[in-house]
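Chain by chain, the residues run as shown.
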There are 4 protein chains.
Amino acid sequence: MSSTFGHRFRVTTFGESHGAALGAIVDGCPPHLELSEADLQPQLDRRRPGQSRLTTQRKEDDQIKICSGVENGVTLGTPIGLIVENKDFKPGDYAAMRDVPRPSHADFTYRAKYGLAAGSGGGRASARETVARVAAGAIAEKLLRLRHGVDIVAWVSSVGAIDAPAELAGHPPTRDDVDANEVRCPDAGVAALMVEAIETAQRDRDSLGGIVTCVCSGVPPGLGEPVFHKLEAVLAAAMLSLPATKGFEIGSGFAGTRMRGSEHNDLFVGKEDSIGTATNRSGGVQGGISNGEPIVFRVAFKPTSTIAKPQSTVNYDGESVTIEGKGRHDPCVLPRAVPIVEAMAALVLADASLQA
Amino acid sequence: MSSTFGHRFRVTTFGESHGAALGAIVDGCPPHLELSEADLQPQLDRRRPGQSRLTTQRKEDDQIKICSGVENGVTLGTPIGLIVENKDFKPGDYAAMRDVPRPSHADFTYRAKYGLAAGSGGGRASARETVARVAAGAIAEKLLRLRHGVDIVAWVSSVGAIDAPAELAGHPPTRDDVDANEVRCPDAGVAALMVEAIETAQRDRDSLGGIVTCVCSGVPPGLGEPVFHKLEAVLAAAMLSLPATKGFEIGSGFAGTRMRGSEHNDLFVGKEDSIGTATNRSGGVQGGISNGEPIVFRVAFKPTSTIAKPQSTVNYDGESVTIEGKGRHDPCVLPRAVPIVEAMAALVLADASLQA
Amino acid sequence: MSSTFGHRFRVTTFGESHGAALGAIVDGCPPHLELSEADLQPQLDRRRPGQSRLTTQRKEDDQIKICSGVENGVTLGTPIGLIVENKDFKPGDYAAMRDVPRPSHADFTYRAKYGLAAGSGGGRASARETVARVAAGAIAEKLLRLRHGVDIVAWVSSVGAIDAPAELAGHPPTRDDVDANEVRCPDAGVAALMVEAIETAQRDRDSLGGIVTCVCSGVPPGLGEPVFHKLEAVLAAAMLSLPATKGFEIGSGFAGTRMRGSEHNDLFVGKEDSIGTATNRSGGVQGGISNGEPIVFRVAFKPTSTIAKPQSTVNYDGESVTIEGKGRHDPCVLPRAVPIVEAMAALVLADASLQA
Amino acid sequence: MSSTFGHRFRVTTFGESHGAALGAIVDGCPPHLELSEADLQPQLDRRRPGQSRLTTQRKEDDQIKICSGVENGVTLGTPIGLIVENKDFKPGDYAAMRDVPRPSHADFTYRAKYGLAAGSGGGRASARETVARVAAGAIAEKLLRLRHGVDIVAWVSSVGAIDAPAELAGHPPTRDDVDANEVRCPDAGVAALMVEAIETAQRDRDSLGGIVTCVCSGVPPGLGEPVFHKLEAVLAAAMLSLPATKGFEIGSGFAGTRMRGSEHNDLFVGKEDSIGTATNRSGGVQGGISNGEPIVFRVAFKPTSTIAKPQSTVNYDGESVTIEGKGRHDPCVLPRAVPIVEAMAALVLADASLQA
């Protein structure tokens, strides 16, 4: 169950951090879509490790291969098999951690659920699992772009206590703007502060969290379902299914709870050949269904749990131990989270589009 | 699709605000559970309109009837049919709104999706739809209590800018504590301020939003799924599927993004015959799976969209109109949201428990 | 799980033979379909008990009530709640059977699965459960008729060893033809023999089985899914999900296994503005997808398990006992199976139509 | 949708006949199962082409590779990625058929559904698609054997008009018995006749159909679901989802419709420490749930549609053409269908076992 996402545009993934390969089956992609590996690789490249000093030094080129579902350059309507081989895995790095559940990792809970000690490198709980999501998301994104002209862009809007201007959400940057610096915050001044903060944390053998903001423009009105599968509910699930996430808000979010109705309501105004809203506190959805305004949401990522700083914890027998993170890891996952958030947003919207 | 929630403990609902009846089918409830209407009615009573001056004056007694799945006082393992009749519905109240989409309601988006003007009283988009959820949730809650000793309690932790002490989450109140006042905030002093704020807004023909905090104690370790259906993801979807919600956070949530990893990590300590964590920034989950600590989350509700204050908007043809909310409505949905949040939490956990 | 059928046109049912009510939620029916109870009642009337001497004498008028999803005579696109009250249930009739599993009934297997003795009258295993299917199927049928001009007709093509002419499948009768006699075989001469056979069996305190043939005309090409959910696979599941069924065949079926490929292949020929097949050994499907020819299939029903004739069996403790069926029952379920088979065919095709 | 089978033991497949690879993701396999490629290869070898003169001469060694979900020789509880590379594919063989839908193939219906001419070699509609099912089924089978001692064996019980003795179902052969000859009929005398019949058909550039019988022994009572997902319904869907199948019957099947209830009922008798039935006309299920007796069913396969004999048909424009099958194909699919039927039976039972 857990490894399938979506109903009409369905993605099923497999793969551990340190196994032979990761991959996905994308079932339900319509026929006649021009598609090749070149459509998928760019987002995988934005996600892969080793891009900069700010990210883990694991060496993976994450080359994607399409195994089925495409013939003569177009999709057939049949399932698309995707595979990425793991190349640089070092089981040895993690062996020492077998007896001690790493704090705020999934070691303890996987053992509770499966009765197995965690596999090397976090196994399925590793963020490496998101490779398959990003590959599948790139297909969804292309479908949305061609079908509706949807444009999805995410960026790092805060790292620790350093915030990018909130106004960015109203005038979203391009991906090129976002990629202009290694921290993926489109405000150059703020980005410099973020880089500095991450480097400081790294030096302190510590880690930082932050927030990703995502805007989906061009989503037509009418996508989403009205009760349990509201568009915002499915987006929330998609985002909270990502490793290290702790919160989701759409439109006005938590801050909106402090407004009065008369301030918060989005009044309708005439727009081109239709009507739209003067403000967008709703974040592009009403009653679970898109209203044609940009979908705007924010996702909270906790500080990376793996830190090199010594931590006092206990082993499975309750005996005190000191643990120091030794595996390769990101001091701050935010920059690499950007394409992953975009991928999940695309999967949600593609599924909603095919259900409409 | 949209009207079914869960996989093993599956709830499917039906019912419009102004139709003959609302109800649900609960499929997957195990056999041998003692069950009668008396188990369901209390939460329905906490949810129903007309409880106090702070809530809508629609008169519904919301009597639940079990139609199947129970024989001789115990469940059979077969689907449980639940029905609540609508009694006090007044289609006329809403007729004037047919040509004008109410701001921040689902009128516009339902028309975009279904091509139909909204039904009287919001139809399926009305919060009245949650009657069926609360009935089903009460079954889930009883199952969880008997199976694991789970205890679920939610309360109003903020109304507008008025916040209850954050410490309550660490020492959750009982439902009796919560119900000690009509606003359902267990801190009496803060509750008084909240009541005053709501009454002021009501006088101003305006509305308020707020936050509900929920704590689920006694959840055993090992519930939840590791990838797309992480327990926090399913909780997030459950909460964002409720009308008027704009945000969800678990454990440290958005505030946690401002900590460093060394502050945020929950170190393990010996606990009774097992191990647990000294802090609970994780909010009871790791990697999508419960860790045995209390599950703590917060849900943001926007200020009620229906307000009596005149609003300048446009009709479907883009012509300027002024609209004044006339239907019966709550100036602040928070007090009645409490049992609804509890119900959805119970549905998520019951489903996870049966999947484990 | 077990009580939901379909993906896009989804039916979830509830109800025991001797509970307060039975019903269904139909989720996914498109908006704008004219619908009232009058569309559903005719098939319920064809299914209900007490229609003739050949059927059980239980008195149920099976009046259907639509509780939601319809406003001003048209569907809203929201779930349609359906309910039928049980009126004539006599728990006492079955009390004696508590300790003895009735041969070829589900008493033994329900106890194995649920750990409960079977409820009165077979509970959920009773054919009474099909009331909800027939009501939902009538909605599906109307949708298919208006969308595609689909016409579904089933009839009794054999009772015991008495067979109606196979040629009927090539020139299917109307429902009026089928209903011209109480056994629902459109060949009057054969029908008379069937009636006689059933009456003889009844006098002998015994029962008969038989076969229902069903033809779905007007199904457009392209419905169905190519791999696990082939149209014939879903039809097979739908039919084998009916009580008392033991077999399903489509097109040439089992007899076709004795032909050679050159005899069996359906050669293409020009037809009006398209092409079609000269023969229909495929039964209207190729590779899981409809080809525009009539869908023709046959369903085997075993002889009714409840018989008044004494049977030597054992109780749950393995002690020899003699059992005589005392409940009201049909000596041959075939006549009443006709609308049930039609209902399930309609549910399958409506779901396939909405998935296309 | 179409490419996923099962709910708890879920298999999702991908792969065309002439693409780079085929494969599957098995999600839901419990942890701690010893598993390696050696568990899967034997059934793939029984399925693969080129085993004997009776089967297609396509050369594929069908080596299976496990990509994930297994560490140190045991399953982790995470999804198991499976992949088989295509080696001997010849797109050229099929190019001529682009404009002419092959009679009784899926060319016409795929074009109706997807708007694409069929891919080389039938694409996803090719029986090659079953490679992935057989690999996944071997995992299911191992799970069932270790969990319950289930033993599944299928054999060819008829080819054209040549029938093996029906009594075999009561005393099922072993797989070694079945594999004693190339036609996989455990009665040596009948097998010789079958081989002769297939060779004659082959010489005549024609093809034959037949029936596979399958017996699943050791299935515990209580597996299956009571209403829409009856065990026999899911088995029927599984079998009718296989290419070239036209019918399914369980237990007494179509022949049972000619018996009276008093003959057909399976009377209970004492058996070891429980009770069972004296006869098994039910085929191991009652009311959708296994009763502990062997599950016995039969599957009808039509004669292979691809034949070398010229056939008079029309192209998509309705113009008369003569077509001669040129691709490599089996004159009779029955021998290779045996492990495929076993695989699907295993998938159904594993899923039912995990749902119980």
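About the cut-offs
Residues numbered from 1 in each chain as written. Chains lettered and ligands numbered in written order. Predicted model: local features only at pLDDT ≥ 70, side-chain atom pairs only at ≥ 80, totals over all residues. Helix = DSSP H or I, 4+ residues; strand = E, 2+ residues; numbered from the N terminus. Rg over C-alpha atoms; globule rule 2.2 N^0.38 Å. Buried ≥ 20, exposed ≤ 12 C-beta atoms within 10 Å, placed from the backbone. Contact = placed C-beta atoms within 7 Å. Least-squares fit on C-alpha atoms with pLDDT ≥ 70 in both. Pairing = 2+ DSSP bridges. Axes fitted to C-alpha atoms, helices over the stretch in contact; angles between N-to-C directions. Parallel < 35°, antiparallel > 145°, perpendicular 65-115°, else oblique. Left-handed = near helix turned anticlockwise from the far one by under 90°. Nonpolar A, V, L, I, M, F, W, Y, C, P; charged D, E, K, R; others polar. pLDDT = per-residue confidence, 0-100. Expected span 1.5 Å × (residues − 1). Arc of directions from axis to C-beta.

1. Examining the overall build of chain A
- Broken down by element type, chain A carries 9 helices and 18 strands.
- For a compact globule of 356 residues, the expected C-alpha radius of gyration is about 21 Å, and chain A comes in at 21 Å, within 12% of that figure.
- With the C-alpha coordinates aligned to their principal axes, the bounding extent of chain A is approximately 65 × 50 × 40 Å.
- Looking at chain A residue by residue over its 356 residues, the buried ones come to 67%.
- When contacts within chain A are restricted to residue pairs at least 6 apart in sequence, long-range pairs at least 24 apart make up 70% of them.

2. Section: the relation of the copies chain A and chain B
- Superposition of chain A onto chain B requires a rotation of 180° combined with a translation of 0.0 Å along the rotation axis, giving an RMSD of 0.0 Å. With respect to symmetry, the two chain copies, as superposed, fit the operation of a two-fold axis.
- A share of 100% of interface residues in chain A that are also interface residues in chain B marks the association as one of identical surfaces.

3. Quick look at the sheet that holds strand β3 (residues 21-27) of chain D
Residue and element names in this part refer to chain D.
- Strands sit in the order β1-β2-β3-β7-β4 across an open sheet of 5 strands; the sheet is antiparallel. In the strand order of this sheet, the two ends are held by β1 (4-5) and β4 (64-66), each with one partner.
- Pairing of β3 with strand β7 (residues 80-85), which is carried by 6 bridges, proceeds in the antiparallel orientation. When the sheet's bridge partners are listed, G23 is paired in β7 with I83.
- Against the sheet, helix α3 (residues 130-148) touches β2 (10-14), β3, β4 and β7, its axis set at about 30° to β3.

4. Concerning the relation of the copies chain B and chain C
- Structural alignment of chain B on chain C gives an RMSD of 0.0 Å, achieved by rotating through 180° and translating 0.0 Å along the axis.
- Interface overlap between copies is the fraction of interface residues in one copy that are interface residues in the other; for chain B against chain C it reaches 100%, indicating a shared surface.

5. Remarks on the packing of α3 of chain D against helix α9 (residues 334-355) of chain D
Residue and element names in this part refer to chain D.
- Two elements in contact, α3 and α9, have axes separated by 7 Å at closest approach and are oriented at 50°. Of the possible angle classes, the one that applies to α3 and α9 is oblique. Pair α3 / α9 crosses with left-handed handedness. From α3, T130, R133, V134, A136, G137, A138, A140, E141, L143, L144, R147 and H148 reach across to α9, where they touch P339, I340, E342, A343, M344, A346, L347, L349, A350 and S353.

6. Describing the arrangement of the chains
- A gap remains between chain A and chain C, which never touch, and the nearest two C-alpha atoms on either side lie 9 Å apart.
- Spatially, chain B and chain D are disjoint, and the shortest separation between their C-alpha atoms is 9 Å.

7. Focus on the interface of chain B and chain C
- Taken together, the contact pairs 35 residues of chain B with 35 residues of chain C.
- Taken together, the elements giving at least two residues each to the side of chain B that touches chain C come down to β2 (10-14), β3 (21-27) and β7 (80-85) of chain B.
- Tallying contributions element by element places β3 of chain B first for the side of chain B that touches chain C, with 5 residues.
- Taken together, the residues that form the side of chain B that touches chain C break down as 13 nonpolar, 17 polar and 5 charged.

8. Observations concerning the environment of G218 of chain B
All names here are of chain B.
- Residue placement: G218 occurs in the loop between β10 (210-217) and α6 (231-240).
- Overall, G218 belongs to the partly exposed group, with 16 C-beta atoms counted inside 10 Å.
- If we skip the residues at most four places from it in the chain, G218 touches H148, G149, V150 and D151.

9. Some details on the pairing of strand β8 (residues 151-159) of chain A
All names here are of chain A.
- Along β8, 8 of the 9 residues are buried, which leaves the element largely enclosed by surrounding structure.
- Bridge analysis of β8 against strand β10 (residues 210-217) gives 8 bridges, and the strand direction is antiparallel. Its bridge partner lying in β10, I152 is registered against C216.
- Across 2 bridges, β8 lies against strand β9 (residues 162-163) in antiparallel orientation. In the sheet register, V159 faces β9, and the bridge partner there is I162.
- Linking two consecutive strands that pair antiparallel, namely β8 and β9, is a turn of 2 residues; a positive phi of about 55° is found at G160 within it.

10. Focus on the confidence of the model for chain A
- The predicted model of chain A has a mean per-residue pLDDT of 93, with 95% of residues at 70 or higher.
- Prediction confidence for the complex, expressed as pTM and ipTM, is 0.97 and 0.97 respectively.

11. Side note on the interface of chain A and chain B
- On the chain B side, the residues contacting the 89 residues of chain A number 89 residues.
- The leading source of residues in the side of chain A that touches chain B is helix α6 (residues 231-240) of chain A, at 6 residues.
- Class assignment for the residues of the side of chain A that touches chain B results in 37 nonpolar, 38 polar and 14 charged.
- As paired elements, strand β11 (residues 245-250) of chain A and strand β11 (residues 245-250) of chain B share 3 bridges and run antiparallel to each other. Note that in β11 of chain B the partner of E249 of chain A across the bridge is G247 of chain B.

12. Notes on helix α5 (residues 188-203) of chain B
Residue and element names in this part refer to chain B.
- Between its first and last C-alpha atoms α5 spans 23 Å; for 16 residues at 1.5 Å apiece the expected length is 22 Å, and the two agree.
- Within the sequence span of α5, burial applies to V190, A191, M194, V195, A197, I198 and A201. For α5, the angular spread of the buried residues around the axis is 165°, confining them to a single face. Along α5, the residues that are exposed and aim more than 90 degrees away from the buried face are A188, G189 and R203.
- Of the residues trailing α5, R205 is marked for its positive phi of about 55°.

13. Regarding the sheet that holds strand β1 (residues 4-5) of chain B
Residues and elements named next belong to chain B.
- The sheet built from 5 strands is open, its strands ordered β1-β2-β3-β7-β4 with antiparallel pairing. The open sheet has two edge strands with one neighbour each: β1 and β4 (64-66).
- In terms of strand pairing, β4 meets β7 through 3 bridges, oriented antiparallel. Considered in β7, the bridge of I64 is made with V84.
- Packing of helix α3 (residues 130-148) onto the sheet brings it into contact with β2, β3, β4 and β7, and relative to β3 it is tilted by some 30°.

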